[in-house]
Amino acid sequence: MVWVLLLLLAWTAAGTACTRLCLAAVRAADGIGAPAVVPAHDLTLYEAAFLSGGPRRVADLTMVAMARQRRLLLARTGWATVVDPLGRDDIERSVIGAIGPGGQRRIAPARDAAAAAEAVGSLGARLVGAGLAVPGYGDDGVAAGIRQTRGAALAVVALGATALLLPGRPDLPDGLVALWFALPLALTLSCLAIARVEAHPYTRWASPAGQRLLRSLARRAGGADDRTYLTSIAVRGVRAVAEPDLREAFGHREPGGREPYAGGA
């Protein structure tokens with residue numbers, strides 16, 4: 001009765017994923033509905049970056065802004081060098097601190113260290129408190145639960161196909177086995193459908209209120225000034241960087257054949 005063990009695995013995967021998705025949706029709904037969002041709230045560039053791409057996007061934006069002001073050098077070879085060691089705010093000081101006392105470090109680890117800094121964490125906490133960011137953002141959010149549920153649905157299909165291909169089931173027709181595996185598959189697909197209707201649009205970082213402010217920010221952005229340019233980087237990531245040198249710095253391949261540094265979070 002190996003197929004029964006496969007069925008138990010299918011139910012375990014489906015039940016775990018659907019439970020996580022439901023709990024994440026409940027936490028997000030409770031956290032989003034609690035605080036009152038001030039309609040006149042204008043997002044700062046840091047806030048827009050966090051809501052669009054999380055802590056790493058904030059670090060990307062800060063590095064690009066400092067590089068454009070010639071206070072940070074981002075070389076084509078993938079190295080960051082501090083030119084002005086005096087940061088103008090906590091986020092800039094976090095980036096400078098992440099580069100280290102030597103004033104030079106590779107961009108990818110410096111960016112990761114800056115993203116994990118207390119100043120960026122405090123920014124995220126403030127956005128959650130204002131109802132603009134998803135509570136428990138990151139791997140515990142609704143988007144992560146949806147990804148796990150999709151994976152569970154694929155796992156159920158694979159386990160069901162394996163069970164149908166197993167020999168030694170003369171007393172049980174294939175149709176009945178397929179029906180048993182259809183039940184956990186139906187559970188995962190139903191949860192995904194409900195999440196699509198109730199929680200869409202969902203993101204890893206921004207709550208529905210935060211997404212509305214991001215859309216409003218995009219509508220108001222116009223012209224070719226520096227703030228508009230930095231706003232596009234905050235929303236889209238380093239893929240929006242126009243300078244070839246900066247694009248090459250962020251996309252430089254690490255020694256040893258590792259993948260290029262990616263600016264999206």
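Residues numbered from 1 in each chain as written. Predicted model: local features only at pLDDT ≥ 70, side-chain atom pairs only at ≥ 80, totals over all residues. Heavy atoms only, no water.

S.K.: Before we go on, may I ask you to explain the overall build of the chain in this structure?
M.R.: Secondary structure assignment for the chain yields ten helices and three strands. Starting at the N terminus and ending at the C terminus, the chain contains elements arranged as α-α-β-β-α-β-α-α-α-α-α-α-α. Residues classed as buried in the chain amount to 43% of the 265 residues present. Sequence separation of at least 24 residues holds for 72% of the intrachain contacts in the chain that already meet a minimum separation of 6. (Helix = DSSP H or I, 4+ residues; strand = E, 2+ residues; numbered from the N terminus. Buried < 20%, exposed > 50% of the residue type's maximum accessible area, 1.4 Å probe, protein only. Contact = heavy atoms within 4.5 Å.)

S.K.: Would you mind going over helix 6 (residues 142-165) with me for this structure?
M.R.: Side chains of residues three or four places apart in an α-helix project in the same direction, reflecting 3.6 residues per turn. Between its first and last C-alpha atoms helix 6 spans 35 Å; for 24 residues at 1.5 Å apiece the expected length is 34 Å, and the two agree. Taken together, the buried positions of helix 6 are occupied by Val 142, Ala 143, Ala 144, Gly 145, Ile 146, Thr 149, Ala 152, Ala 153, Val 156, Leu 159, Gly 160 and Ala 163. (Expected span 1.5 Å × (residues − 1).)

S.K.: Any chance you could explain the state of the cysteines here in plain terms?
M.R.: All chains considered together, the criterion is met by zero disulfides. Considering cysteine sulfurs only, Cys 191 is the nearest to Cys 22, which forms no disulfide, with 4.6 Å between them. Counting only cysteine sulfurs, Cys 18 is the nearest neighbor of Cys 191, a cysteine outside any disulfide, at a range of 3.3 Å. Residue Cys 191 is classed as buried on the basis of its relative accessible area, which comes to 12%. (Disulfide = S-S within 2.5 Å.)

S.K.: For this particular structure, what's the right way to read the environment of Val 235?
M.R.: Within the secondary structure, Val 235 sits in helix 9 (residues 226-236). Residue class for Val 235 comes out partly exposed when judged on its relative accessible area of 35%. Along the sequence, Val 235 and Arg 57 sit 178 residues apart, while their C-alpha atoms lie 8.5 Å from each other.

S.K.: Help me understand the confidence of the model for the chain, please; the structure alone is not making it clear to me.
M.R.: Atomic detail in the predicted coordinates should be set aside for any region of low pLDDT. Of the residues in the chain, 80% have a pLDDT of 70 or more, and the chain-wide mean is 82. Across the chain, the secondary-structure element scoring lowest on mean pLDDT is helix 8 (residues 208-220), at 79, and the one scoring highest is helix 3 (residues 90-99), at 95. Note that residues 32-39 has pLDDT below 50 and, in this model, eleven contacts with residues that lie over four places away or in other chains. Taken as a whole, residues 255-265 scores under 50 in pLDDT and shows 26 contacts with residues more than four places along the chain or in a different chain. (pLDDT = per-residue confidence, 0-100.)

S.K.: Before we go on, may I ask you to explain the pattern of salt bridges in this structure?
M.R.: Where charged atoms of side chains with opposite charge meet at close range, the side chains can pair. Taken as a whole and judged by the stated rule, the model has nine salt bridges. A salt bridge links Asp 112 to Arg 56; its shortest N-O distance comes to 3.5 Å. Taken as a pair, Asp 112 in helix 4 (residues 107-115) and Arg 56 in helix 2 (residues 45-68) lie far apart in primary sequence, 56 residues in all. One salt bridge in this structure joins Arg 93 and Asp 90, with 2.7 Å as the shortest N-O distance. Taken together, the positions of Arg 93 and Asp 90, both in helix 3 and three residues apart, correspond to about one turn of that helix. (Salt bridge = Lys/Arg side-chain N within 4 Å of Asp/Glu carboxyl O.)

S.K.: Whenever I open this one, the packing of helix 2 against helix 4 confuses me. Can you help?
M.R.: Each pair of packed helices can be summarised by the angle the axes make with each other and by the distance between the axes. Contact geometry for helix 2 and helix 4: axes closest at 8 Å, N-to-C directions at 120°. The orientation of helix 2 with respect to helix 4, classified from their angle, is oblique. In terms of crossing hand, the pair formed by helix 2 and helix 4 is right-handed. Two secondary-structure elements touch here, helix 2 through Pro 55, Arg 56, Ala 59, Asp 60 and Met 63 and helix 4 through Ile 107, Ala 110, Arg 111, Asp 112, Ala 114 and Ala 115. (Axes fitted to C-alpha atoms, helices over the stretch in contact; angles between N-to-C directions. Parallel < 35°, antiparallel > 145°, perpendicular 65-115°, else oblique. Left-handed = near helix turned anticlockwise from the far one by under 90°.)

S.K.: Before we go on, may I ask you to explain the side chain of Glu 92 in this structure?
M.R.: Residue placement: Glu 92 occurs in helix 3. The class of Glu 92 is buried, set by a relative accessible area of 6%. A distance of 2.9 Å separates a polar side-chain atom of Glu 92 from the backbone nitrogen of Arg 88. If sequence neighbours within four positions are ignored, Glu 92 has contacts with Tyr 46, Thr 62, Met 66, Arg 71 and Gly 87. (Polar contact = N/O pair within 3.5 Å; in protein donor to acceptor, adjacent residues only side chain to side chain.)

S.K.: Teacher, can you tell me more about helix 2 here?
M.R.: With 24 residues, helix 2 should cover 34 Å at 1.5 Å per step; its first-to-last C-alpha distance of 15 Å lies more than 12% under that length. Gly 53 marks where helix 2 bends most, by close to 135°; the proline Pro 55 follows one to four residues later. Across the 24 residues of helix 2, 21 count as buried, placing the element largely inside the fold. Looking one or two places after helix 2, you find Arg 70, whose phi comes out positive at around 60°. (Bend = angle between axes of the 7 residues up to and from the residue.)

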